[in-house]
Amino acid sequence: MSEEAPAYKPAFTIEAKNTPICPECGSESLYKDGLRYLADGSSVQRYLCRVCSYRFSWPRRERQHKTKDLKSEHAITLGECSSRALALLERRLEGAMSNIKEKTGSGPINAGATETSQATQADVKGKIFEFIWHLQKQGYSMETVKFYNQVLQVMSKKTNLLDGEAVKEALAKMPISETTKCNYAYALQSFYKHVGVEWNPPKYKPQKTLPFIPTELELDLLISNTSKNVSAALQLLKETGARIGEILKLKWTDIDFQRKAVKIPPEKGSLPRILPISDLALSMIKRLKPREDGRIFSSRNNLVTLFYRQRKRLAHKLQNPRLSQITFHTFRHWKGTIEYHKTRDILHVQRLLGHKNIQNTLIYVNIEQALFQNTNEEFHVATAKTVEEACKLIEVGFEYVTDIEGVKIFRKRK
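A few points on the structure. As the structure is a computational prediction, the values presented were derived from the model and not from experiment.

Let's talk about the overall build of the protein
What the protein contains, in helices and strands, is 15 helices and 13 strands. Expressed as a percentage of its 414 residues, the buried residues of the protein come to 40%. The long-range fraction of contacts in the protein, counting pairs at least 24 apart against all pairs at least 6 apart in sequence, stands at 55%.

So this is what it looks like as structure tokens:
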């Protein structure tokens, strides 16, 4: 008879409490942390949990997620038909494009020309909206769409976005890295190609650097000193080497509690994979409260905010600035480096991380050689003639090498 997954019930009920209580961990040890001003002019008290550093308002109110119609005063709830929302967006796009044609004309646009220098801010916003909607229709990921929109919004505040030379001058003066400027130039080039602007992009070359690889002790310190949601996500990152976006997509149905495995949903073109996880990770997941949408973890912004706040506090408490350099992606780099050090099999690391191109995996060869150059390459050697002897050797960390004259040979690093 198969064992069923345990029922997940919250350890406390917020509605049953008349006093403020942390919705994340249930603690009543709180700090007052200012006021939150609502749209109707009223305010509610904000609290900061002393245990998990979660920030919340009390009394809590139900949120109503609505999207305003830009042509009328009506509102669309997120649960309504998507075809109605699509029609409203198309009507907004048609109105924005008609205003642009009336002000700038229907002819082709040349970067730096006199007509474009007189374009109003409304024209620029209309073109940005048209481009972002085009990306969504083309199936670009939401992270890519958000980044492109961020680039265009930043550049439109600094200069006239339709003046190519002014944009290049503003981009050159920005205090950002060459890699970020390269990404900005790529986003701007896609925008200009869509709106028909002739633009010669600047030549920025991204600088390749080796990632920061912390020790396992530093990762464990960070995992053990964060809230239960953050620590569970970090433990999964450490054991699977997945991206944080892949972890946040996980649903309860992706966890196989019987086989102790997790199905990783792909992101950024990665390959889907099923990876084993430990009993520790399973117990940390079981502590979490179930969500209505079936996902295990909360939104990205909430988890990221908690992680950076708790990481800063721990780095200051232990006076270890290396902890401040650990990000979510650092766990992925650490896993790739350690797996290659253990197996010396680059194809195994490629399958583990879900890389389609092995060139993205070869970076861990250089990191492993640099970090473990003084590692002792001597081994303990043992032999086994029976299954029982082989099992005992594997239990103490020996790995199988080959068979010679009916004897199985095992080895383990000294």
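Section: helix 7 (residues 216-224)
If you check which residues of helix 7 are buried, you get Glu218, Leu219, Leu222 and Ile223. Axial view of helix 7: buried residues confined to an arc of 140°, hence all on one face. Turned more than 90 degrees away from the buried face of helix 7 sit Leu217 and Ser224, all of them exposed. Residues of helix 7 that are buried make contact with helix 8 (228-240), helix 10 (279-286), helix 11 (300-318) and helix 12 (328-343).

Side note on the nonpolar core
Formed by 57 residues in total, the largest nonpolar core has its most connected members in Leu234, Leu236, Ile247, Ile296 and Phe297. The biggest single contributor to this core is helix 8, with six residues. One finds Phe131, Tyr184, Ala187 and Leu188 within the second-largest nonpolar core, a separate group that totals 26 residues.

Focus on the packing of helix 12 against helix 14 (residues 363-371)
At their nearest, the axes of helix 12 and helix 14 sit 9 Å apart, and the two run at 75° to each other. The angle between the axes of helix 12 and helix 14 places the two elements in the roughly perpendicular class. Touching Arg332, His333, Gly336, Thr337, Tyr340 and His341 of helix 12 are Tyr364, Val365, Ile367, Glu368 and Leu371, all from helix 14. When the residues that make up the contact of helix 12 with helix 14 are grouped by side-chain class, the tally is five nonpolar, four polar and two charged.

Thoughts on the sheet that holds strand 9 (residues 261-264)
Strands sit in the order 8-9-10 across an open sheet of three strands; the sheet is antiparallel. For this open sheet the edge positions go to strand 8 (255-256) and strand 10 (273-276), each flanked by a neighbour on one side alone. In terms of strand pairing, strand 9 meets strand 10 through four bridges, oriented antiparallel. By the bridge assignment for strand 10, valine 262 is matched with leucine 275.

Some words on the packing of aromatic side chains
Following the criterion strictly, the structure yields twelve aromatic pairs and no others. Relative to phenylalanine 191, the ring of phenylalanine 131 has its centre 5.5 Å away and its plane inclined at 80°; by these criteria the two rings are edge-to-face. With phenylalanine 131 in helix 3 (residues 121-137) and phenylalanine 191 in helix 6 (residues 178-195), the pair connects residues that are 60 residues apart, well separated along the chain. With 6.4 Å between their ring centres and 55° between their planes, tyrosine 308 and phenylalanine 328 make a pair best called tilted. Note that tyrosine 308 is positioned in helix 11 and phenylalanine 328 in helix 12, a separation of 20 residues in sequence. Relative accessible area serves as the criterion here: at 6%, phenylalanine 328 is assigned to the buried category. Among the aromatic residues, ring-to-ring pairing joins Phe131, Phe147, Tyr148, Tyr184, Phe191, Tyr192 and Trp199 into one connected group. When the ring centre of tyrosine 31 is taken as origin, the NZ or CZ atom of arginine 50, which lies over that ring, is 4.2 Å away.

Section: the sheet that holds strand 1 (residues 30-37)
With antiparallel pairing, three strands are arranged side by side in an open sheet as 1-2-3. The open sheet is flanked by strand 1 and strand 3 (55-58), the only strands paired with a single partner. Each adjacent strand pair in this sheet contributes to an overall mean axis angle of 35°, direction not counted.

Focus on the side chain of glutamate 339
Inspection of the secondary structure assignment puts glutamate 339 in helix 12. What glutamate 339 contacts, discounting residues up to four positions off in sequence, is Arg344, His348, Val349 and Leu352.

Details of the pattern of salt bridges
If charged atoms from side chains of opposite charge come close, those side chains can pair. Tallied over the entire structure, the rule returns 17 salt bridges. Between arginine 55 and aspartate 33 there is a salt bridge whose closest N-O contact spans 2.7 Å. Of this pair, arginine 55 sits in strand 3 while aspartate 33 sits in strand 1, and the two are 22 residues apart along the sequence. The class for arginine 55 is partly exposed, based on a relative accessible area of 35%. A relative accessible area of 26% means that aspartate 33 is categorised as partly exposed. With its nearest N and O atoms 3.2 Å apart, the salt bridge here joins arginine 344 to glutamate 368. Taken together, the residues span a long stretch of sequence, with arginine 344 in the loop between helix 12 and helix 13 (346-353) and glutamate 368 in helix 14 at a distance of 24 residues. Look at arginine 344 and you get partly exposed, because its relative accessible area is 38%.

Let's talk about helix 4 (residues 142-158)
With 17 residues, helix 4 should cover 24 Å at 1.5 Å per step; its first-to-last C-alpha distance of 25 Å lies within 8% of that length. Within the sequence span of helix 4, burial applies to Val145, Tyr148, Val151, Leu152, Met155 and Ser156. Buried residues in helix 4, looked at end-on, bunch into an arc of 125°, giving them a common side. Opposite the buried face of helix 4, at more than 90 degrees from it, the exposed residues are Lys146 and Lys157.

Quick notes on unusual backbone geometry
Not every positive phi belongs to a glycine, and lysine 260 is a case in point at roughly 55°. Within the element layout of this structure, lysine 260 appears in the loop between strand 8 and strand 9. Judged by its relative accessible area of 35%, lysine 260 is partly exposed. Positive phi is not limited to glycine here, since glutamine 319 has a value of about 55°. Structurally, glutamine 319 is set in the loop between helix 11 and helix 12. Taking the relative accessible area as the measure of exposure, glutamine 319 reaches 60% and is therefore exposed.

What counts as what
- Residues numbered from 1 in each chain as written.
- Predicted model: local features only at pLDDT ≥ 70, side-chain atom pairs only at ≥ 80, totals over all residues.
- Heavy atoms only, no water.
- Helix = DSSP H or I, 4+ residues; strand = E, 2+ residues; numbered from the N terminus.
- Buried < 20%, exposed > 50% of the residue type's maximum accessible area, 1.4 Å probe, protein only.
- Contact = heavy atoms within 4.5 Å.
- Arc of directions from axis to C-beta.
- Core = buried A, V, L, I, M, F, W, Y, C linked by side-chain atoms within 4.5 Å.
- Axes fitted to C-alpha atoms, helices over the stretch in contact; angles between N-to-C directions.
- Parallel < 35°, antiparallel > 145°, perpendicular 65-115°, else oblique.
- Nonpolar A, V, L, I, M, F, W, Y, C, P; charged D, E, K, R; others polar.
- Pairing = 2+ DSSP bridges.
- Phe/Tyr/Trp six-rings, centres within 6.5 Å; stacked < 30°, edge-to-face > 60°.
- Lys NZ or Arg CZ within 6 Å of the ring centre and 35° of its normal.
- Salt bridge = Lys/Arg side-chain N within 4 Å of Asp/Glu carboxyl O.
- Expected span 1.5 Å × (residues − 1).

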